[in-house]
Amino acid sequence: MTINQSGWKPEIAVSGAVLASPTATGNRALMLEEPLIFEIGGMERTGVDLAEAPAAPNRLGGMERATPIGLPGLSEQETVRHYTRLSRQNYAIDLGLFPLGSCTMKHNPRLNEKVARMPGFADLHPLAPQSAVQGALAVVHELGEWLKTLTGMAAVAMSPKAGAHGELCGLLAIRAALEARGDARSVILVPESAHGTNPATAAFCGYAVEDIPATLEGRVDLAALEARLGPDVAAVMITNPNTCGLFERDMKRIADAVHAAGALVYCDGANFNAIVGRVRPGDLGIDAMHINLHKTFSTPHGGGGPGSGPVVLSEALAPFAPLPIVEKDADGVFHLVEEETAGADHGQNFGRMVAFHGQMGMFTRALAYILSHGADGLRQVAEDAVLNANYILRSLEDVLDAPFGGTGPCMHEALFSDKGLAEGFSTLDVAKGLIDEGYHPMTMYFPLVVHGAMLIEPTETESKAALDQFIMALRSVAERAKAGDEALKGAPWFAPRRRLDETLAARKPKLVWEEVGGLAEPAAAE
Ligand SMILES: *Cc1c(COP(=O)(O)O)cnc(C)c1O
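Rules behind the numbers
- Residues numbered from 1 in each chain as written.
- Predicted model: local features only at pLDDT ≥ 70, side-chain atom pairs only at ≥ 80, totals over all residues.
- Heavy atoms only, no water.
- Phe/Tyr/Trp six-rings, centres within 6.5 Å; stacked < 30°, edge-to-face > 60°.
- Helix = DSSP H or I, 4+ residues; strand = E, 2+ residues; numbered from the N terminus.
- Buried < 20%, exposed > 50% of the residue type's maximum accessible area, 1.4 Å probe, protein only.
- Lys NZ or Arg CZ within 6 Å of the ring centre and 35° of its normal.
- Near = heavy atom within 4 Å.
- Polar contact = N/O pair within 3.5 Å; in protein donor to acceptor, adjacent residues only side chain to side chain.
- Nonpolar A, V, L, I, M, F, W, Y, C, P; charged D, E, K, R; others polar.
- Arc of directions from axis to C-beta.
- Contact = heavy atoms within 4.5 Å.
- Pairing = 2+ DSSP bridges.
- Axes fitted to C-alpha atoms, helices over the stretch in contact; angles between N-to-C directions.

Student: Where do I start with the packing of aromatic side chains in this structure?
Tutor: How two aromatic rings sit relative to each other is given by the distance of their centres and the angle of their planes. A complete count under the given rule lists four aromatic pairs for this structure. Between Phe-38 and Trp-513, the ring centres sit 5.2 Å apart and the planes meet at 5 degrees, which makes this aromatic pair stacked. Of this pair, Phe-38 sits in the loop between β2 (17–20) and α1 (76–88) while Trp-513 sits in the loop between α13 (502–507) and β15 (515–516); the two residues are 475 residues apart in sequence, bridging distant segments of the chain. Trp-513 gets classed as partly exposed once you look at its relative accessible area, which sits at 24%. With 6.4 Å between their ring centres and 70 degrees between their planes, Phe-297 and Tyr-369 make a pair best called edge-to-face. Of this pair, Phe-297 sits in the loop between α9 (293–296) and β9 (311–313) while Tyr-369 sits in helix α10 (residues 360–396); the two residues are 72 residues apart in sequence, bridging distant segments of the chain. Tyr-369 carries the same exposure label as Phe-297, and that label is buried. The lysine or arginine in question, Arg-498, covers the ring of Trp-493, its NZ or CZ lying 4.0 Å from the ring centre.

Okay, structure coming up:
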């Protein structure tokens, strides 16, 4: 076994020049190279020492495995080192600023973690009798009340497990409401700048998806929307603030026009961080909106989960909310309504979306965050998030093109384009250069309405000093991209891996390790 079998060829740039193989091991100072787990260890080593199993009659009827299962054999120490080394190659919100726009990667207060780990919450069983889990039901109920109050909405469905799952919940409620009035419709309108999950959700529900163009100011074209409304349109899905980081100022007029046409309004609330405590979506005429607890309310996310996407619903949609529902009776006792055949109030529910009750750990963290901020603190979250994003926008618009910078302040995220970079230089080069500077790149090439988009969301949890350092780093990379610095095209020079063939990796991902002459096939790496 050699250390470099995964295809990494150590080389390093010093003042633009490339030096090959700076170390014998492939390690870069204290950043240790690490092969795949299957490439280390062997079946003769293991972390446990089991006694020989007593002979037992074989009851598999000849179906037993004939060949070894091929698990990697590692000692406990090797296992711990393997995962610790891998974890050090990762970037995390606990390491540094995470500028990913649309993702709201903010600090997760340790208080949330402490509360979520309290045995009364952490050790709950979803089938425990309701009388034994009144405190947990109270948490779900109180969080739901906060979400309804903050959004000015009539009802809340707590069980969806992510933003996209919340979109599904909202559209299923909309469809149930339309079908209940015998008016099943077939089209969902989605603005061009929408997050990919919006059209995907609509298509998943069986709707035809049609784009609504944006104005030159980066907002929904109201006239185009009004022109398209008709008896076949079930709903519009609008993100507000939108994915260009701009507030949809016409939201109320849009909602009125949509309602007048007999359709409903879904709002993608992933960007609620920018307006929480300042704007109540219910006042804007919205019928359904998911809230990403793992964005706005600070619960940890990334790498695919866990998430939580409760959906708030208007009066019109409240009767169609999915089960389960937590209710509080006149005696202060909480009830988990789980039966499809429950009382008249829930008779029109569209069913249920999850096996149990939702993400309890996320509920606990989100409520801890909300209560520790209080109403005034939540409002300040939005104000500081917007202030920080505008600080970045105005600090960098002299070196990076800000397509909507002239239309006024942004909301919680600053949007730049690749206009003005030197010939042959792209957003990708800027992003890779940022990795060398010690930052996870910003969101790239999204929203699609802006060429070479770079979407940056600092969140309210970054200090001015942290923002200044990030601005300094991005300014330096942007200046190099404008000056056509060839070394930038090779970035990242200092990361554990250099540029990958991303198309090959996405199109033909190698998800299964295959032993080839005792060594792994190289991954799709340069
Ligand atoms: C994050 C996000 C989503 C999807 O939320 P998930 O929890 O990742 O499923 C949808 N829309 C927007 C605008 C988002 O930022």
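Student: Just to check I follow, could you spell out the site of the ligand for this structure?
Tutor: Taken together, Ser-102, Ala-162, Gly-163, Ala-164, Glu-167, His-195, Thr-197, Asp-268, Ala-270, Asn-292, His-294 and Lys-295 form the complete shell of residues around the ligand. Ser-102 has a polar backbone atom sitting 2.7 Å from an oxygen atom of the ligand. A distance of 3.0 Å is found between an oxygen atom of the ligand and a side-chain nitrogen or oxygen belonging to Asn-292. Put simply, the parts of the chain that give the shell around the ligand at least two residues each are α5 (163–180) and α9. Per-element tally for the shell around the ligand: the top contributor is α5, with three residues. For the shell around the ligand, a count of residues per class yields three nonpolar, six polar and three charged.

Student: What exactly am I supposed to notice about helix α6 (residues 197–204) here?
Tutor: Residues lying three or four places apart along an α-helix face the same way, a consequence of the helix completing one turn every 3.6 residues. Among all positions of α6, only Asn-198, Thr-201 and Ala-202 are buried. Considered in projection along α6, the buried side chains sweep an arc of 100 degrees and stay on one side of the axis. Considering only its buried residues, α6 is in contact with α5, β4 (187–191), β5 (208–212), β6 (233–239) and β7 (264–268). A positive backbone phi angle near 90 degrees is found at Gly-206, which sits one or two residues after α6.

Student: Even after reading the chapter, I still don't get the sheet that holds β7, so can you show me in this structure?
Tutor: The strands making up a sheet associate through backbone hydrogen bonding, with each pair oriented either parallel or antiparallel. One open sheet accounts for seven strands, arranged β3-β9-β8-β7-β6-β4-β5; its pairing is mixed. Each edge of the open sheet carries a strand with a single partner, namely β3 (155–157) and β5. Within this sheet the neighbouring strands show an average axis-to-axis angle of 25 degrees, counted without direction. With three bridges connecting them, strand β8 (residues 288–290) and β9 associate as antiparallel partners. Across the sheet, residue Met-289 finds its bridge partner in β9, namely Val-312.

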